[in-house]
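Breakdown of the fold
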Amino acid sequence: MLIKKSETGFLPESLEVIGMLVNEAEPENVVLDPLRGEIRDFCRKHVINEHFYGKMGTSILLHVSGDTVKYVYIHGIGKKNEALCENAIRTGAFNVVRLAAKKGCSTIALNVPCAEDKVRSRSIAEGSILGLYKFNKYLAEDKDDTFKEPRELIVLNGNEDGINEGTVLGEAQCYVRDLANEPGNIINPQVLSAKALALADELSLECEIWNEERIRNEKMEAYYSVGRGSANPPRFIRLTYTPKQEFKEHVVFVGKGVTFDSGGLNIKPAEYMLTMKGDKSGACAVLGAIRAASKLKLPVKLSVIIAAAENMPGGNSFRPDDILRARNGKTIEINNTDAEGRLTLADALCYASELNPDKIVDIATLTGACAVALGSSTGGLFTNNDELGEKIIAASKSSGERFWKMPMDDANLRKSIKSSFADLSNCGERYGGAITAAMFLEAFVEKDIPWAHLDIAGIDFIKKPWSYYVEGASGFGMRTLASLLMEL
Ligand SMILES: [Zn+2]
């Protein structure tokens, strides 16, 4: 689907679907420009009869019996400048595009207040691209068989740069979803490394991949041990994007890439093992972020690191009570093999620190405790640097992905990852589990490097569709990472 701005600011005459995103007002004052003539009168009548105020998230769909226009979809985005309004815009654009695709319409016009603003046009394009997302490659027959990608979307008074950025970001999120939706029998650590290599080839990125032998020789025993029980050996992946122009910062993103998490010897109960193909979502998010950074030619050097592994029970699995030595020399006593993500991240963070970057951000489906604390639509943010934390919150707001900062200064809670026999224990008590996981990770980051940890457990996989999320992998977090780079 081609997304372009209208040159004239008027509604072209030959479009099948018109999306009107409107601010809240009394029904008789809801702004229905640039509709004209009979269609406008028809819409006004319905807006008044249906008491439509344009409240955030409300909508009406009108079937028009005109010559070319078939549907008008009116979607409220709330009061002018209302917080979360950008997300209502993404949802509105998503709904319009999906409606057109399901009805087999090929041309769409979208009217959004202040579309000339770059950030707003970015949101419009993001929502529109996500409106086309489907993961149906394994279906012999799609029950939505009328779903047809529209040919063209015209954004009235849109901002071209914003549309281009939003298109790149929306497509990157679809790429993240496609990867994360693949099950464990399709994507194991080797396949993930091949996907990373393919991305590097496509975008001319630097790429390094280590096999299990190299990982072991690199003194990454914490990470190496996680993959020991699986027939699919681990792969360590590093991609680097270096901008052609001058750049000020080198940022490292580390993504948790557990391609399937059975829990290991501390095996998960059946209902908790479902959706564990999504335990690689952090890795998928950082791959999406480097894809976006490279396509947008951002002036930031970016390295992404993935310590990919599959956590399985087997004769060679690591065990509870094992004591492992991480790359920075710290020892870890295992008291739960299902707290494996932090072991892979520990060595990845040591390696990231050695690159001596200006910032490190890791993203991981790390703890069920984070989902218990924040629900399944907000991610946890943990940091050793308030300034970086604020930048991430700002990036998360502009991308419509909620993150909430959690405390790292509870000395009493910190005791729960102490061990009598090693420098650290890999799993603290249940209460505060998201925080102790972050405290654990902090021990593997070089102290003077600003670092943040994003816990996206609970939001990585959508069970009931909402907003612009469809069932399956959400791709959550990637746009926050990309927006962070854009704002640096
Ligand atoms: Zn686990």
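Computed from a prediction, not measured in an experiment: that's the story for all the values here.

Calculation rules
- Residues numbered from 1 in each chain as written.
- Predicted model: local features only at pLDDT ≥ 70, side-chain atom pairs only at ≥ 80, totals over all residues.
- Helix = DSSP H or I, 4+ residues; strand = E, 2+ residues; numbered from the N terminus.
- Rg over C-alpha atoms; globule rule 2.2 N^0.38 Å.
- Buried ≥ 20, exposed ≤ 12 C-beta atoms within 10 Å, placed from the backbone.
- Contact = placed C-beta atoms within 7 Å.
- Domains from an automatic or database assignment.
- Nonpolar A, V, L, I, M, F, W, Y, C, P; charged D, E, K, R; others polar.
- Expected span 1.5 Å × (residues − 1).
- Axes fitted to C-alpha atoms, helices over the stretch in contact; angles between N-to-C directions.
- Left-handed = near helix turned anticlockwise from the far one by under 90°.
- Pairing = 2+ DSSP bridges.

Our focus in this paragraph is the overall build of the chain. The number of helices and strands found in the chain is 15 helices and 19 strands. For a compact globule of 488 residues, the expected C-alpha radius of gyration is about 23 Å, and the chain comes in at 24 Å, within 12% of that figure. Overall, the C-alpha framework of the chain stretches about 80 × 50 × 45 Å when taken along its three principal axes. With 488 residues in all, the chain has 52% of them scored as buried. A sequence separation of at least 24 residues applies to 77% of the contacts in the chain between residues at least 6 apart.

The next thing to look at is the domain arrangement of the chain. Taken as a whole, the chain is organised into domain 1 (2-158) and domain 2 (170-487). Between domain 1 and domain 2, the C-alpha centre-to-centre distance is 36 Å. Contact with domain 1, which involves 14 residues of that partner, is made by 13 residues of domain 2. Taken together, the elements giving at least two residues each to the side of domain 1 that touches domain 2 come down to helix 2 (85-102) and helix 3 (118-130). Residue contributions to the side of domain 1 that touches domain 2 peak at 7 residues, all from helix 3. Across the side of domain 1 that touches domain 2, the residue classes break down as 7 nonpolar, 4 polar and 3 charged.

Helix length check: helix 2 (18 residues) gives 25 Å between terminal C-alpha atoms against 26 Å at 1.5 Å per residue, within 8%. For helix 2, the tally of buried residues reaches 16 of 18 residues, placing the bulk of the element in the interior.

Residues apart from glycine generally show negative phi values, whereas peptide bonds are mostly found in trans. Of note, the bond from aspartate 33 into proline 34 is cis; its omega dihedral lies within 30 degrees of zero at 5°. Tracing the chain through its elements places proline 34 in the loop between strand 2 (17-22) and helix 1 (37-49). Of note, cysteine 114 is a non-glycine position whose phi angle comes to about 60°, a positive value. Note on placement: cysteine 114 falls in the loop between strand 5 (107-111) and helix 3.

Moving on, we come to the packing of helix 3 against helix 4 (residues 160-181). Packing of helix 3 against helix 4 brings their axes to within 7 Å, and their N-to-C directions diverge by 35°. Crossing of helix 3 over helix 4 shows right-handed handedness. Contacts from Lys118, Val119, Arg120, Ser121, Arg122, Ser123, Ile124, Ala125, Glu126, Ser128, Ile129 and Leu130 in helix 3 reach Asp161, Gly162, Ile163, Glu165, Gly166, Thr167, Leu169, Gly170, Glu171, Gln173 and Cys174 in helix 4. Partitioned by chemical class, the residues of the contact of helix 3 with helix 4 number 8 nonpolar, 8 polar and 7 charged.

Let's shift gears to the pairing of strand 9 (residues 250-261). In terms of burial, strand 9 is largely enclosed, as 11 of its 12 residues are buried. As defined by bridge partners, strand 9 adjoins strand 10 (residues 301-311) across 11 bridges and the pair is classed as parallel. Within strand 10, the position partnered with glycine 255 by the bridge is isoleucine 306. Note that strand 9 and strand 13 (residues 359-364) share 5 bridges and pair parallel. Following the sheet pairing, phenylalanine 253 is matched in strand 13 by valine 361.

We now examine the environment of lysine 102. Inspection of the secondary structure puts lysine 102 in helix 2. The spatial distance from the C-alpha of lysine 102 to the C-alpha of threonine 146 is 5.6 Å, given a sequence separation of 44 residues. Excluding residues within four positions of it along the chain, lysine 102 makes contact with Asp144, Thr146 and Phe147.

Examined against the element boundaries, methionine 312 turns out to sit in the loop between strand 10 and strand 11 (323-325). When the C-alpha atoms of methionine 312 and valine 226 are compared, they prove to be 8.2 Å apart, with 86 residues separating the residues in sequence. Setting aside anything within four residues of it in sequence, one finds methionine 312 in contact with Gly229, Ser230, Ser262 and Gly264.

Once that is clear, we can look at the environment of valine 286. Tracing the sequence through the fold places valine 286 in helix 9 (residues 281-295). For the pair formed by valine 286 and isoleucine 305, sequence separation is 19 residues and the distance between their alpha carbons is 8.0 Å. If we skip the residues at most four places from it in the chain, valine 286 touches Phe253, Gly255, Val304, Ile306, Ile363 and Leu481.

Strands sit in the order 11-12-16 across an open sheet of 3 strands; the sheet is mixed. This sheet does not close on itself; its edge strands, each paired only once, are strand 11 and strand 16 (424-425). As defined by bridge partners, strand 12 (residues 331-333) adjoins strand 16 across 2 bridges and the pair is classed as parallel. Bridged to isoleucine 332 within strand 16 is leucine 424.

Before going further, it helps to spend a moment on the sheet that holds strand 4 (residues 71-76). Strand order across the open sheet formed by 6 strands is 1-6-5-2-4-3, with mixed pairing between neighbours. In the strand order of this sheet, the two ends are held by strand 1 (2-5) and strand 3 (59-63), each with one partner. Shown here is a sheet whose adjacent strand axes are inclined to one another by a mean of 15°, direction ignored. Judged from the 4 bridges that link them, strand 5 and strand 6 (residues 152-155) form a sheet pairing that is parallel. Opposite isoleucine 108, over in strand 6, you have leucine 153 as the bridge partner. Against the sheet, helix 1 contacts strand 3 and strand 4, and its axis sits at roughly 45° relative to strand 4.

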